[in-house]
Amino acid sequence: MPLSCSDALNNMKTKNRAYYIDSFCADGEHEVFNAASLCMFAHVFDTVNYYGGNHSLRSIAPIVRDRVSNVEYRTIHTLRKHCNTKLRYIVSFLHNLRFLLFAPAHVTLIYNYTNPLFLKTADVLNKLLRRKVLVTCHGEMNWLRTKKCYTSRERWVRRFFLSKTLSPCKNIYYLVLGDSILRNLCLLLSPNFQNRFLSVDHPYIGSAVADCNRTDRKKIRIGTIGIPAGNKGIETVIRLAAADRQKNFYEFSLNGYLGHIGDKLTEIRAAGIDVPDTVEFLSREELSSRIEKLDYALFVYPPEEYMLTASGSILDAVNYEKPVLSLKNDYFCYLFEKFGAFGVLFDSVDEMIEALYAEDFVLPSPDRFDFKALKRQLSPESIAVELQNTLWVHNII
């Protein structure tokens, strides 16, 4: 249906206006990124209209209002996480289509999530409408590197972005969150798509954190943040814990959603690894409480995991000022090169185990890294400068 008269009147007042369309996320999904992303765009555009479900608005608006005042909030009907995923995509598609068809011509449309159903439709229609459109890409880009497709969503994404015959719409740009991701994508994309992708670093809204007091305990606490990397990642943590049985140096923990590895919980607990009381998604408060107790953040993802997508979990580690202990991957190496090291990257699991239990190995002190400066560099305000330059070069603003 057409947009309201009040929206039309508001759009007449401000030329540099954007619509931030959050038509899929629900119940806190990506709330940290969405809030930071919304703030970032608010520093680029004169006014941003946020459109999202009431449940998303309630979690995002308080964060954003503390930082910017030029965002106007509008509620749209979106489905909750417990609803059928296909139905959620269909509802999201209908909202996305509505904005593409009826938004004022001068408004830039920002879709904060890639809906596979919408890709081809938007491309065809916008060749006629010629609206300025930005689509933020996330984990769905990983489907481009796997030839075997398990779902129709994967097939749609692959067929669209890997097409050698499609001439993509020149007014739609796809935004990825880091130059390393853009470089890797260009190795996969057909030449006709390569100039449709732009890169900006993952913005993050940092918060004040409490110091971790280690004076009253002997063991060093090392834990994962976020969703562990499947069975392979869990086996790596179990190996690390098993190597500690004789040394008794460390306490290992998993901190995040464990629903996909519930069948290994008995083995995990038997290895002495601390886990949450639930395998479901933790509340932001509970996750924060667990991360604050860590001394170091552990990442054991396989190297290919972050070839085509960014990591919010490593930015959680930065926010809570926890040095990173990780296997090397393109994205983490990129962050270390651009912003400076904030931990140790290892070439393999064996090297990590050997180093952690070597007599002469000393873990880097958190005081060695300027996390506060790093958080300023990754703030929406700082990343907005980079984004504004990019959008200006491509005549989007």
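Residues numbered from 1 in each chain as written. Predicted model: local features only at pLDDT ≥ 70, side-chain atom pairs only at ≥ 80, totals over all residues. Heavy atoms only, no water.

(A) Quick peek at the packing of helix H2 (residues 31–42) against helix H16 (residues 380–393). For the pair H2 and H16, interaxial distance at closest approach is 8 Å and the crossing angle is 55 degrees. Looking at the two axes, H2 sits oblique to H16. Two packed elements cross with a definite hand, and for H2 against H16 that hand is right-handed. From H2, Ala36, Cys39, Met40 and Phe41 reach across to H16, where they touch Pro380, Ile383, Ala384 and Leu387. Looking at the contact of H2 with H16 residue by residue, the class counts come to eight nonpolar, no polar and no charged. (Axes fitted to C-alpha atoms, helices over the stretch in contact; angles between N-to-C directions. Helix = DSSP H or I, 4+ residues; strand = E, 2+ residues; numbered from the N terminus. Parallel < 35°, antiparallel > 145°, perpendicular 65-115°, else oblique. Left-handed = near helix turned anticlockwise from the far one by under 90°. Contact = heavy atoms within 4.5 Å. Nonpolar A, V, L, I, M, F, W, Y, C, P; charged D, E, K, R; others polar.)

(B) View of the nonpolar core. Leu109, Phe161, Tyr174, Phe197 and Phe342 are the most contacted members of the largest nonpolar core, which has 99 residues in total. In terms of residues, this core owes the most to one element, H2, which gives eight residues. Core analysis: the next-biggest nonpolar cluster, separate from the first, contains 31 residues, Ile220, Leu240, Leu265 and Ile353 among them. (Core = buried A, V, L, I, M, F, W, Y, C linked by side-chain atoms within 4.5 Å. Buried < 20%, exposed > 50% of the residue type's maximum accessible area, 1.4 Å probe, protein only.)

(C) Structural detail: a nonpolar patch on the surface. Taken together, the side chains of Leu101, Phe102, Leu128 and Leu129 present a nonpolar region at the surface, about 380 Å² in accessible area. Elements with a contribution of two residues or more to the nonpolar patch: helix H4 (85–102) and helix H5 (119–129). Relative to the assigned elements, Leu128 resides in helix H5. Its relative accessible area of 71% is what places Leu128 among the exposed residues. (Patch = residues over 30% accessible without salt bridge, like charges linked within 9 Å, V, L, I, M, F, W, Y side chains within 5 Å. Areas by Shrake-Rupley, 256 points an atom, 1.4 Å probe, with all protein chains shown as cover. Salt bridge = Lys/Arg side-chain N within 4 Å of Asp/Glu carboxyl O.)

(D) The side chain of Arg88, seen in detail. As for its position among the elements, Arg88 is in helix H4. Excluding residues within four positions of it along the chain, Arg88 makes contact with Phe24, Cys25, Ala26, Glu29, Leu79, Arg80, Lys81 and Cys83.

(E) Layout of the sheet that holds strand E8 (residues 220–225). Spatial ordering of the open sheet is given by E9-E8-E10-E11-E12, a layout of five strands whose pairing is parallel. Strand pairing shows two members of the sheet lacking a second neighbour, strand E9 (250–255) and strand E12 (343–346), which therefore form its edges. With direction set aside, neighbouring strand axes in the sheet form an average angle of 20 degrees. Sheet topology places strand E10 (residues 296–299) next to strand E11 (residues 324–327); three bridges connect them, and they run parallel. When the sheet's bridge partners are listed, Leu298 is paired in E11 with Leu325. (Pairing = 2+ DSSP bridges.)

(F) View of the sheet that holds strand E7 (residues 197–199). Here we have seven strands laid out as an open sheet, ordered E3-E2-E1-E4-E5-E6-E7, and parallel in their pairing. Each edge of the open sheet carries a strand with a single partner, namely strand E3 (71–75) and E7. Recorded for the sheet is a direction-independent mean angle of 25 degrees between the axes of neighbouring strands. Direction of pairing for strand E4 (residues 108–111) relative to strand E5 (residues 133–136): parallel, over a ladder of three bridges. Bridge assignment links Tyr111 to a residue of E5, and that residue is Val135. Across the sheet, H2 is in contact with strand E1 (17–22), strand E2 (47–52), E3, E4, E5 and strand E6 (172–176); its angle to E1 comes to roughly 170 degrees.

(G) Up close: H4. Taking 1.5 Å of rise per residue, 18 residues should cover 26 Å, and H4 covers 26 Å from first to last C-alpha, within 8% of that figure. Where H4 is concerned, the buried positions are Arg88, Tyr89, Val91, Ser92, Phe93, His95, Asn96, Leu97, Arg98, Phe99 and Leu100. Where the residues of H4 are buried, they touch E1, E2, E4, H5, E5 and helix H6 (152–161). At the N-terminal end of H4, a side-chain oxygen is found 2.9 Å from the backbone nitrogen of Lys86, two or three residues along, and the residue is Asn84. (Expected span 1.5 Å × (residues − 1). Polar contact = N/O pair within 3.5 Å; in protein donor to acceptor, adjacent residues only side chain to side chain.)

(H) Region of the structure containing helix H12 (residues 312–319). Of all eight residues making up H12, seven are buried, and the element is well covered by its neighbours. Residues of H12 that are buried include every one of Ser313, Ile314, Leu315, Asp316, Ala317, Val318 and Asn319, and no others. The N-cap of H12, judged by a side-chain oxygen 3.3 Å from the amide nitrogen of Ser313 a few residues on, is Ser311.

(I) Structural context of the environment of Leu117. For Leu117, the location among the structural elements is in the loop between E4 and H5. Spatially, the C-alpha atom of Leu117 lies 41 Å from that of Ile222, the residues being 105 residues apart in sequence. Setting aside residues no more than four positions away along its own chain, Leu117 makes contact with Tyr89, Ile90, Phe93 and Trp156.

(J) Broad picture of the pairing of E4. Side chains of E4 alternate between two faces, with Thr108 and Ile110 and Leu109 and Tyr111 buried alike. Across four bridges, E1 lies against E4 in parallel orientation. Along E4, the bridge assignment pairs Ile21 with Tyr111. With respect to chirality, the unit in which E4 leads through H5 into the neighbouring parallel E5 is right-handed. (Right-handed = clockwise from strand over helix to strand, strands pointing away.)

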